[in-house]
Amino acid sequence: MQASRGAPTEVETLARRATRTLDPEAGLRALTALRARLDELEVLQVSSAVESGLPWSDIARALGISRQAAHKRYSRRAGNEGIPTGPRRMLVTAEARNAVKFAREEARALGAEVTGTEHVLLGILRCERSHATWALRALGARLEDARAAVEPTMAPCAKPAAGDEPRHPAWRGMSPHARRVLERSLEEALDRGEGYIGVEHLLLAVLRDDRGGAAQTLQRMDIDPGEVRSRLSEF
C-alpha cells in the first residue's frame, strides 16, 4: 500500500489521537505509542547524524544532554535481529527486534527445531505497544489462544547442508518461510513510504505467506488475513 502525498504521518495521527480523543483509555494508548515512536525516530536521527559525520558534541547539544550521556545512550545500537535494512540502512524499531527475539523464545518453548512464521506471529502478539498487536487483538487473536492453535509451516524445511549456512548469521535456526518474512518486511516498509521497519511491517509480510504456519494458525483461529490488513490500514 503506497502512502499518498499529503497524508498525515503516523506520529501526527498518534499526536492527534492523544490530544483530541474523549476516551481516556484510547488517549493513553495513543500517548504510549507516540512516545515509543518518538524514541525510535530519535534513534534514527542520531544514527543519521553519526553517519553524516556530525560530532558527538554537536549531537549532544541538539539533544540538550551531555556528550557523555549521548555517547553512552546511542553509540551502541542494538542489532537488527536479521531484518534486512536495505542500502538506506533503514531503522529497525526496538519492538520489531523484540518480535523476532520473542519468536525464537516461543519456538524453543514449543520444542520446535526451527523458528517458523507461526512463531513470528506469536512474537508479534507479545509486543504490547504495537499497532500490529492491537489489530490482531481487535479481531480476537490472543496470545494463549494462538499458542494453542499453532500450526507448523506446511512445507517442512530441511536442515542446511555443511557449508550452506544462511547468508545472515541471525537467520540461523529460522525456516525459509520465516527468512522470507524478514526480507519482505523491508519491502512492506518501502511500499508504505515509511522510513523504518516496525512490527506492522513484519505482520504484513507474515500475511503475504499463505503457506506458512502463521497463516495456518490464523485460519484455525477463524481470523481472515484480509481483515487483519484492513485493521492495520486504520492506524
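The model shown is predicted, which means the values in this text are computed figures rather than measured ones.

Colleague: So what exactly am I meant to see when it comes to the overall build of the protein chain here?
Modeller: Across its full length, the protein chain holds 12 helices and 2 strands. Per-residue burial over the protein chain gives 42% buried out of 235 residues. Counted over contacts in the protein chain with a minimum sequence separation of 6, partners at least 24 positions apart contribute 64%. Of the roughly 12700 Å² that the protein chain leaves accessible, carbon and sulfur atoms contribute 49%.

Colleague: For this particular structure, what's the right way to read helix α10 (residues 199-207)?
Modeller: Across the 9 residues that make up α10, a large majority, 9, are buried. Taken residue by residue, α10 has V199, E200, H201, L202, L203, L204, A205, V206 and L207 as its buried positions.

Colleague: Would you explain the nonpolar core in this entry?
Modeller: A general tendency of soluble globular proteins is for nonpolar side chains to be buried together. Among the nonpolar cores identified, the biggest contains 39 residues, and V120, I124, L136, L202 and L203 are the most heavily contacted of them. Mapped onto this core, the elements with two or more residues apiece are α5 (94-109), α6 (117-125), α7 (131-138), α8 (143-149), α9 (176-191), α10, α11 (213-220) and α12 (225-233). Sort the elements by how many residues they give to this core and α10 lands first, with 7 residues. Setting aside anything within four residues of it in sequence, one finds V120 in contact with A103, A178, V181 and V206. If you look at the next biggest cluster of nonpolar residues, it comprises 6 residues, including V46, A49, A60 and A70.

Colleague: Sorry if this is basic, but what is going on with the pattern of salt bridges here?
Modeller: Side-chain pairing between opposite charges can occur once the charged atoms of the two side chains come close. Applying the stated rule across the entire model yields 9 salt bridges. Measuring nitrogen to oxygen at the nearest pair gives 2.7 Å for the salt bridge that ties R147 to E106. You can see R147 sitting in helix α8 and its partner E106 sitting in helix α5, a full 41 residues away along the chain. Notably, a salt bridge pairs R208 with E187, separated by 3.2 Å at the nearest N-O pair. In this pair, R208 sits in the loop between α10 and α11 while E187 sits in helix α9, placing the two residues 21 residues apart along the sequence.

Colleague: For this particular structure, what's the right way to read the side chain of S185?
Modeller: Its location among the elements puts S185 in helix α9. Here the side chain of S185 touches L182 through a polar contact of 2.6 Å, landing on its backbone oxygen.

Colleague: Is there a simple way to explain helix α1 (residues 10-20) in this structure?
Modeller: Since the α-helix packs 3.6 residues into each turn, any two residues three or four apart lie on the same face. Along α1, the residues that are buried comprise E10, T13 and L14. Along the long axis of α1, the arc covered by the buried residues comes to 95°, so they all point the same way. For α1, the exposed residues set more than 90 degrees away from the buried face come down to T19 and R20.

Colleague: I tried to follow the packing of α6 against α7 on my own but got confused; where do I start?
Modeller: Running from N to C, α6 and α7 point in directions that differ by 100°, and their axes come no closer than 8 Å. In terms of orientation, α6 and α7 fall into the roughly perpendicular class. Across the interface between the two elements, L121, I124 and L125 of α6 pack against A132, T133, L136 and R137 of α7. Its residues assigned to classes, the contact of α6 with α7 shows 5 nonpolar, 1 polar and 1 charged.

Colleague: What exactly am I supposed to notice about the side chain of D209 here?
Modeller: Residue placement: D209 occurs in the loop between α10 and α11. One buried charge, D209, has no salt-bridge partner; the nearest side chain with opposite charge is R180, at 4.7 Å. Of note is the side chain of D209, whose polar atom sits 2.6 Å from the side chain of H177. Apart from residues lying up to four places away in sequence, D209 is in contact with T117, H177, R184 and A215.

Reading the values: rules and limits
Residues numbered from 1 in each chain as written. Predicted model: local features only at pLDDT ≥ 70, side-chain atom pairs only at ≥ 80, totals over all residues. Heavy atoms only, no water. Helix = DSSP H or I, 4+ residues; strand = E, 2+ residues; numbered from the N terminus. Buried < 20%, exposed > 50% of the residue type's maximum accessible area, 1.4 Å probe, protein only. Contact = heavy atoms within 4.5 Å. Areas by Shrake-Rupley, 256 points an atom, 1.4 Å probe, with all protein chains shown as cover. Core = buried A, V, L, I, M, F, W, Y, C linked by side-chain atoms within 4.5 Å. Salt bridge = Lys/Arg side-chain N within 4 Å of Asp/Glu carboxyl O. Polar contact = N/O pair within 3.5 Å; in protein donor to acceptor, adjacent residues only side chain to side chain. Arc of directions from axis to C-beta. Axes fitted to C-alpha atoms, helices over the stretch in contact; angles between N-to-C directions. Parallel < 35°, antiparallel > 145°, perpendicular 65-115°, else oblique. Nonpolar A, V, L, I, M, F, W, Y, C, P; charged D, E, K, R; others polar. Lys, Arg positive; Asp, Glu negative; His and termini not counted.

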